[in-house]
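Residues per chain are reported as follows:
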There are 2 protein chains.
Amino acid sequence: MRYELYYWPGIQGRGEYVRLALEDCGAGYADVARGERGMAAMMKMMEAAKGTPPFAPPFLKAGQLVIGQTANILLYLGSRHGLAPKAEKGRLSVHQLQLTVTDFVSEVHDTHHPLGPSLYYEEQRAPAKKRSEEFWRERVPKYLGYFERLLQNNGGSYLTGRRLTYIDLSLFQIVEGLRYAFPRRMKAFEREIPGLIALHDRVADRSNIRGYLASDRRIAFNEDGIFRHYKALDM
Amino acid sequence: MRYELYYWPGIQGRGEYVRLALEDCGAGYADVARGERGMAAMMKMMEAAKGTPPFAPPFLKAGQLVIGQTANILLYLGSRHGLAPKAEKGRLSVHQLQLTVTDFVSEVHDTHHPLGPSLYYEEQRAPAKKRSEEFWRERVPKYLGYFERLLQNNGGSYLTGRRLTYIDLSLFQIVEGLRYAFPRRMKAFEREIPGLIALHDRVADRSNIRGYLASDRRIAFNEDGIFRHYKALDM
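Residues numbered from 1 in each chain as written. Chains lettered and ligands numbered in written order. Predicted model: local features only at pLDDT ≥ 70, side-chain atom pairs only at ≥ 80, totals over all residues. Heavy atoms only, no water.

**Brief notes about the overall build of chain A**
Next, step 1: The helix and strand inventory of chain A stands at nine helices and four strands.
Next, step 2: Sequence-ordered secondary structure for chain A, helices as α and strands as β, is β-α-β-α-β-β-α-α-α-α-α-α-α.
Next, step 3: Taken against the 2.2 N^0.38 rule, which gives 18 Å for 235 residues, the C-alpha radius of gyration of chain A at 18 Å falls within 12% of a compact globule.
Next, step 4: For chain A, restricting intrachain contacts to residue pairs at least 6 apart in sequence, the fraction spanning at least 24 positions comes to 70%.
Next, step 5: In the form shown here, chain A has an accessible surface area of approximately 9700 Å², with 51% of it arising from carbon and sulfur atoms.
Next, step 6: Between the centroid of the 34 positive side chains of chain A and the centroid of its 27 negative side chains there is a distance of 4 Å. (Helix = DSSP H or I, 4+ residues; strand = E, 2+ residues; numbered from the N terminus. Rg over C-alpha atoms; globule rule 2.2 N^0.38 Å. Contact = heavy atoms within 4.5 Å. Areas by Shrake-Rupley, 256 points an atom, 1.4 Å probe, with all protein chains shown as cover. Lys, Arg positive; Asp, Glu negative; His and termini not counted. Charge placed at Lys NZ, Arg CZ, Asp CG, Glu CD.)

Listed below in structure tokens is the structure:
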């Protein structure tokens, strides 16, 4: 089956966790909104008057199914493509971790948008600076410390279980994003999370991921996405 | 099976969505952290050196399983207790909607904590005021308008499908919480969401829910939870 991924065409954003999973397992997919008339098609699906249209991108069309919410899409893809255990216990564990990544991603977004997503960054520079400081003082050590601990407790190769799952791919993206958005702060912090950095490097070296990262399917980070580099927030 | 729910003992918070599901289906459960030595037991489970301990409460112990993240717990409970369809399509739809509630709840929290969860409200009154205004101008109409539309498209009885699911219980809680935290603003807004208000009333009138709400198992709203009433944010 050829999947259709619907996501904002100019950013990695929340769609990137889905792209990484699709790319790693070699699934065929169209990144619909990046193609001709793709944005119109995406909007039309969100306005559907029947069923359960998604609140926001990303969403995935898989045959007759339309699945919204990043973590929900990964739940669906994971057990079908060897990126999550088939057994309930492992499936729920991986999903639990992905939902924790979801929470972290929301806090990343709030570093540049503490007054809400509907105002511009330029309208909230001072609170963004404060929130970024709290984020690095309290939240990054708490979240990444947690993931590092689980990784070490599990032997260092994967966050959970004995094979790579989509949560490992997602944590690769977290490291990538923090390096882009906060290069100075992240450089100082990386010594606290040696296991996650090594995991990042192993994921980057997987052949499908390596091919993807070198392709133009991988959109460059930019200041419209979740991970944004504003120098004032990285000091 | 008697479940064990682990959540902060003094608040409804994110645990409440799980409590409502457990109560509605009449499942037996202990609200562990509200009992003697319960907090110590909760902390110990989070510090487990094996497996995939949860990042934060709430989590549910179901036999040998320990399941973290509110929406993940509901995913688990839903199909077991008739609060979600068993078929994949319906199960994913309900979960997608619950993850959208999760996003909304996170934005509710940000109204009083725009600079982050690690500072006190008193340290962020002015940005909280701004964020609350944006929240009511942009976000509440967008989220609740979406849920209202789905409810109407589905005939008005349930958000999705032909039976009550945990997402209907969760939207009851959203209406309850907004009424508590923002009584003035919510009063003016309710005319925009007649379907959700009627759904709220029907849920409140379900016999198990009615019994629960009248019991001391239902913790009163207060200013340590997600929905907090600060008069300055409701003007």
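Still to come is the rest of the account.
**Focus: the pairing of strand β4 (residues 65-68) of chain A**
Residue and element names in this part refer to chain A.
Next, step 1: With four bridges connecting them, strand β3 (residues 59-62) and β4 associate as antiparallel partners. The partner of F59 across the bridge, within β4, is G68.
Next, step 2: Counting the residues between successive antiparallel strands, the hairpin from β3 to β4 contains two residues, one of them, G63, with a positive phi of roughly 60°. (Pairing = 2+ DSSP bridges.)

**Looking at the pattern of salt bridges**
Next, step 1: One pass over the full model with this rule turns up 28 salt bridges over all chains.
Next, step 2: Across the pair R218 of chain B and E16 of chain B runs a salt bridge, and its minimum N-O distance is 2.8 Å. Placement of the pair is R218 of chain B in the segment after α9 (207-214) and E16 of chain B in helix α1 (residues 15-24), with a sequence separation of 202 residues. There is no split in this pair, since R218 of chain B and E16 of chain B are both buried.
Next, step 3: Residues joined in a network through salt bridges with shared partners are E16, R19, D31, E176 and R218 of chain A. (Salt bridge = Lys/Arg side-chain N within 4 Å of Asp/Glu carboxyl O. Buried < 20%, exposed > 50% of the residue type's maximum accessible area, 1.4 Å probe, protein only.)

**Some points on the sheet that holds strand β2 (residues 29-31) of chain B**
Residues and elements named next belong to chain B.
Next, step 1: The strand order across the open sheet built from four strands is β2-β1-β3-β4, with neighbouring strands paired in mixed fashion. Each edge of the sheet is formed by a strand with only one pairing partner; in this case those strands are β2 and β4 (65-68). For this sheet, the mean angle separating the axes of adjacent strands, direction not counted, is 20°.
Next, step 2: Bridge analysis of strand β1 (residues 3-6) against strand β3 (residues 59-62) gives three bridges, and the strand direction is antiparallel. If you follow E4 over to β3, its bridge partner there is K61.
Next, step 3: Packed on one face of the sheet, helix α2 (residues 38-46) meets β1, β3 and β4 and runs near 90° to β3. (Axes fitted to C-alpha atoms, helices over the stretch in contact; angles between N-to-C directions.)

**A few points about the packing of helix α3 (residues 70-80) of chain B against helix α4 (residues 88-112) of chain B**
Residue and element names in this part refer to chain B.
Next, step 1: One can describe the packing of α3 onto α4 by two numbers: an axis separation of 10 Å at closest approach and a directional angle of 150°. The orientation of α3 relative to α4 falls into the category roughly antiparallel. Regarding α3 and α4, the two cross each other, and that crossing is right-handed. Here A71, N72, L74, L75 and S79 of α3 lie close against α4, whose contacting residues are R91, H95, Q98, L99 and T102.
Next, step 2: When the residues that make up the contact of α3 with α4 are grouped by side-chain class, the tally is four nonpolar, five polar and one charged. (Parallel < 35°, antiparallel > 145°, perpendicular 65-115°, else oblique. Left-handed = near helix turned anticlockwise from the far one by under 90°. Nonpolar A, V, L, I, M, F, W, Y, C, P; charged D, E, K, R; others polar.)

**Things to note about the confidence of the model for chain A**
Next, step 1: With 100% of its residues at a pLDDT of 70 or more, chain A shows a mean pLDDT of 97.
Next, step 2: For this predicted complex, the interface confidence score (ipTM) comes to 0.97, while the overall pTM stands at 0.98. (pLDDT = per-residue confidence, 0-100.)

**So, the sheet that holds β4 of chain A**
All names here are of chain A.
Next, step 1: Pairing is mixed across the open sheet formed by four strands, whose spatial order is β2-β1-β3-β4. Only two strands of the sheet have a single partner each, and these edge strands are β2 (29-31) and β4. Here the average twist between neighbouring strands, direction ignored, is 20°.
Next, step 2: On top of the sheet, helix α3 (residues 70-80) reaches β1 (3-6), β3 and β4; it is set at about 125° to β4, its chief contact.

**Concerning the interface of chain A and chain B**
Next, step 1: On the side of chain B, 53 residues touch chain A, which itself brings 53 residues to the contact.
Next, step 2: Looking at the side of chain A facing chain B, the largest losses of area belong to T52, F55 and Q96 of chain A, adding up to 17% of the total buried there.
Next, step 3: Along the contact surface separating chain A from chain B lie four salt bridges.
Next, step 4: Counting across the chain A and chain B interface gives 33 residue pairs in polar contact (both at pLDDT 80 or more).
Next, step 5: Those elements giving two or more residues to the side of chain A that touches chain B turn out to be β4, α3, α4 (88-112) and α5 (125-153) of chain A.
Next, step 6: Here the side of chain A that touches chain B gets 13 residues from one element, more than from any other, and that element is α4 of chain A. (Buried area = accessible area lost by both parts, 1.4 Å probe. Polar contact = N/O pair within 3.5 Å; in protein donor to acceptor, adjacent residues only side chain to side chain.)

**Considerations on helix α6 (residues 166-181) of chain B**
Next, step 1: Taking 1.5 Å per residue, 16 residues should reach 22 Å; α6 of chain B reaches 22 Å between its end C-alpha atoms and fits that length.
Next, step 2: Counting buried residues along α6 of chain B, 13 of its 16 residues qualify, which places the element largely inside the surrounding structure. (Expected span 1.5 Å × (residues − 1).)

**Digging into the relation of the copies chain A and chain B**
Next, step 1: By a simple turn and slide, chain A fits onto chain B: the slide is 0.0 Å along the axis, the RMSD is 0.0 Å, and the turn is 180°. Here the two chains are linked by the operation of a two-fold rotation axis. Nearest to the rotation axis, the C-alpha of P114 of chain A is located 2.6 Å from it, this being the minimum over chain A.
Next, step 2: Interface overlap between copies is the fraction of interface residues in one copy that are interface residues in the other; for chain A against chain B it reaches 100%, indicating a shared surface. (Least-squares fit on C-alpha atoms with pLDDT ≥ 70 in both.)

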